[in-house]
Amino acid sequence: MSDVIVVGAGVVGAACAYYAARAGLDVTVVDRGSVAGGTTGSGEGNILVSDKEPGPELDLAVLSNRLWRELAGAHGGTGAHGHAGASGQRDVPGHGGADGGFEFEAKGGLVVAETPEIQRQLAELAAKQDVEHAVVPAAELRDYEPELADDLAGGVFYPQDAQVQPMLAAARLLRHGAESFGRGTLHLRLGAAVTGFVRDGDRVTGVRTSHGDVLGDAVINAAGTWGGEVAALAGVALPVLPRRGFILVTEPLRRPLIRHKVYTAAYVTNVASDSAGLETSAVVEGTQAGTVLIGASRERVGFDRTTSVPVLARLAAQAVALFPALRDVRAIRSYCGFRPYCPDHLPVIGADPCAPGLYHACGHEGAGIGLAPATGHLLAQVLTGTPPDLDLRPFRPDRFPEESS
């Protein structure tokens, strides 16, 4: 019997398991598939503060940003993370710095504006966010990104923005949690689909799976896009819906073309949008493998994985408009994933008042990778009776009106 059962082996579930084990709890992670086999494996690895409006999610993102850096330092490994300074210049990749074994890159993010009015709005948002940033005039944009188009009106640089390789991050967190050095334990049960919950009276005391029951004192629903379906098995309604997104991947480049994570102001608007229709915005960044990732699209089409060539063409055109040098670079593949969308754009984190013993850690939409450590850290505090570092009331599971469920 475990102290905690985590449903979901994506990066959020992995972070929940890691911090619970580090807190001295015995943890079992259950997943119907493989580690990072769902939304995590289809993500870019964003760790962003730049795209968050002031409020609870930004507070969560700032905490999580610090925890990612602590994880990268604590678990060693050297990587091409570089350090983004005030000028946007970075250290030479591969020369020192810990990446935690999951390719943590403290590359910084550059949000660019197409018009002076948009630049004014970006500067106003940055001032309200109250995080480290630098307003960049148009004439200085190429100090940060030499290959940027020359018709942009300016931008804002956020040195805290970072990136990880999401599948590696989930796998490493689970491994490091299992190596908790005499504190808690961490076990995996993969290929076991959760089919229901075990109860003692009203209290949840485990999960039923396709390979038998798993018992525990607490269950964390970290099933990502499928978090609403898992909650429904406990008789709880959570309005978590899939929001599909495509990413283009280029051939590996011989030299780095893009230094930071770069995106247009439209990305911030799209993240906060409630529209079910297609929305796209240019999001471009390099990886340690030399490839360039190009996004981002959003649309609510259920779990339809059909590749949309028109969407991919739009993403490619937007990326070329931002970085003209990409016109001569070949795209070698694309992939899609489903962001776990909640109507108010906040994740669901905390104890479920309708099902004692059940906790939720889902609904992070496209920010799950960035917000994973804070989510796991805060839930571990709750489970061990420690006052959480942040107020979890904005993320409570029972905040949704019935018509949203």
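Our subject is the structure that appears above.
Positions within a chain are numbered from 1, following the residues in the order the chain's sequence is written. Given that this is a predicted model, residues contribute local features only at a pLDDT of at least 70 and side-chain atom pairs are listed and counted only at 80 or more, while totals for whole chains, interfaces and linings are drawn from all residues. Excluding hydrogens and water, the side-chain values take into account all heavy atoms of the structure.

## Considering the pattern of salt bridges
In step 1: We define a salt bridge as a side-chain nitrogen of Lys or Arg found within 4 Å of a carboxyl oxygen belonging to Asp or Glu. Per the counting criterion, the structure on display carries 15 salt bridges.
In step 2: Residue Arg399 pairs with Asp344 through a salt bridge whose shortest N-O separation is 2.6 Å. Within this pair, whereas Arg399 is found in the segment after helix H9 (368-383), its partner Asp344 is found in the loop between strand E16 (331-341) and strand E17 (348-351), the two being separated by 55 residues in sequence.
In step 3: A salt bridge links Asp391 to Arg393, with the shortest nitrogen-to-oxygen separation between them at 2.8 Å.
In step 4: Salt bridges linked by common partners bring Arg243, Glu279, Arg298 and Glu365 together as one network. Here a helix means four or more residues in a row that DSSP labels H or I, a strand means two or more in a row labelled E, and each is numbered from the N terminus.

## What about the packing of helix H2 (residues 56-74) against H9?
In step 1: At a minimum axis distance of 7 Å, the contact between H2 and H9 shows a crossing angle of 90 degrees. It follows that H2 is roughly perpendicular to H9 by the angle criterion. Residue-level inspection shows Glu57, Leu60, Ala61, Leu63, Ser64, Leu67, Trp68 and Leu71 of H2 in contact with H9, the latter providing Ile369, Gly370, Leu371, Ala372, Pro373, Ala374, Thr375, His377 and Leu378.
In step 2: Under the grouping applied here, Gly and all other residues not named as nonpolar or charged are polar, the nonpolar ones being Ala, Val, Leu, Ile, Met, Phe, Trp, Tyr, Cys and Pro and the charged ones Asp, Glu, Lys and Arg. Here the residues of the contact of H2 with H9 are counted per class, giving 12 nonpolar, four polar and one charged. With axes taken as lines fitted to C-alpha atoms, and helix axes fitted only over the stretch in contact, angles between N-to-C directions fall between 0 and 180 degrees. With respect to orientation, any angle under 35 degrees is reported as roughly parallel, any angle over 145 as roughly antiparallel, any angle of 65 to 115 as roughly perpendicular, and every other angle as oblique. Throughout, a contact is declared for two residues whenever any of their heavy atoms are within 4.5 Å.

## Some points on the nonpolar core
In step 1: In this structure, Val6, Val11, Val27, Trp68, Phe104 and Ile220 are the most contacted members of the largest nonpolar core, which totals 68 residues.
In step 2: Residues grouped as a nonpolar core are buried Ala, Val, Leu, Ile, Met, Phe, Trp, Tyr and Cys residues, joined through side-chain atoms within 4.5 Å. Throughout this description, buried means an accessible area under 20% of the type-specific maximum (1.4 Å probe, protein chains only), exposed means over 50%, and partly exposed covers the range between. Core analysis: the second largest hydrophobic core is formed by 26 residues, Val262, Ala282, Leu312 and Leu315 among them.

## A look at the packing of aromatic side chains
In step 1: Two aromatic rings from Phe, Tyr or Trp, using only the six-membered ring of Trp, form a pair when their centres are within 6.5 Å; if the ring planes differ by under 30 degrees the pair is stacked, by over 60 it is edge-to-face, and anything between is tilted. Scanning all chains against the criterion turns up five aromatic pairs.
In step 2: Ring geometry for Tyr18 against Tyr19: centres 4.9 Å apart, planes inclined by 90 degrees, an arrangement best described as edge-to-face.
In step 3: The class of Tyr19 is buried, set by a relative accessible area of 12%.
In step 4: Ring centres of Tyr144 and Phe157 lie 4.9 Å apart, and the angle between their planes is 50 degrees; this geometry places the pair in the tilted category. Highlighted residues: Tyr144 in helix H4 (residues 141-144) and Phe157 in strand E6 (residues 154-158), separated in sequence by 13 residues.
In step 5: Its relative accessible area of 5% is what places Tyr144 among the buried residues.

## Things to note about the environment of Val230
In step 1: Within the secondary structure, Val230 sits in helix H6 (residues 227-233).
In step 2: The exposure class of Val230 is buried, given its relative accessible area of 9%.
In step 3: Spatially, the C-alpha atom of Val230 lies 7.9 Å from that of Gly196, the residues being 34 residues apart in sequence.
In step 4: Contact partners of Val230, with chain neighbours within four places excluded, come to Val7, Phe197, Asn221 and Ala223.

## Considerations on the sheet that holds strand E5 (residues 134-137)
The strands making up a sheet associate through hydrogen bonds between their backbones, and the pairing can be parallel or antiparallel.
In step 1: Two strands qualify as a pair provided DSSP detects at least 2 bridges between them. The strand order E5-E6-E4-E13-E14-E15-E12-E16 describes an open sheet built from eight strands, whose pairing is mixed. With partners counted over all chains shown, the strands left at the sheet margins are E5 and E16, one partner each. Across the sheet, the axes of successive neighbouring strands diverge by a mean angle of 20 degrees, strand direction being ignored.
In step 2: Pairing of strand E4 (residues 109-113) with E6 involves five bridges; the strand directions are antiparallel. Residue pairing in the sheet places Val112 in a bridge with Gly155 of E6.
In step 3: Helix H3 (residues 116-129) rests against E4, E5 and E6 of the sheet, and its axis sits at about 20 degrees to E6.
In step 4: Helix H8 (residues 309-322) contacts E4, strand E12 (241-250), strand E13 (261-264), strand E14 (279-286), strand E15 (292-298) and E16 of the sheet and is inclined by roughly 55 degrees relative to E14.

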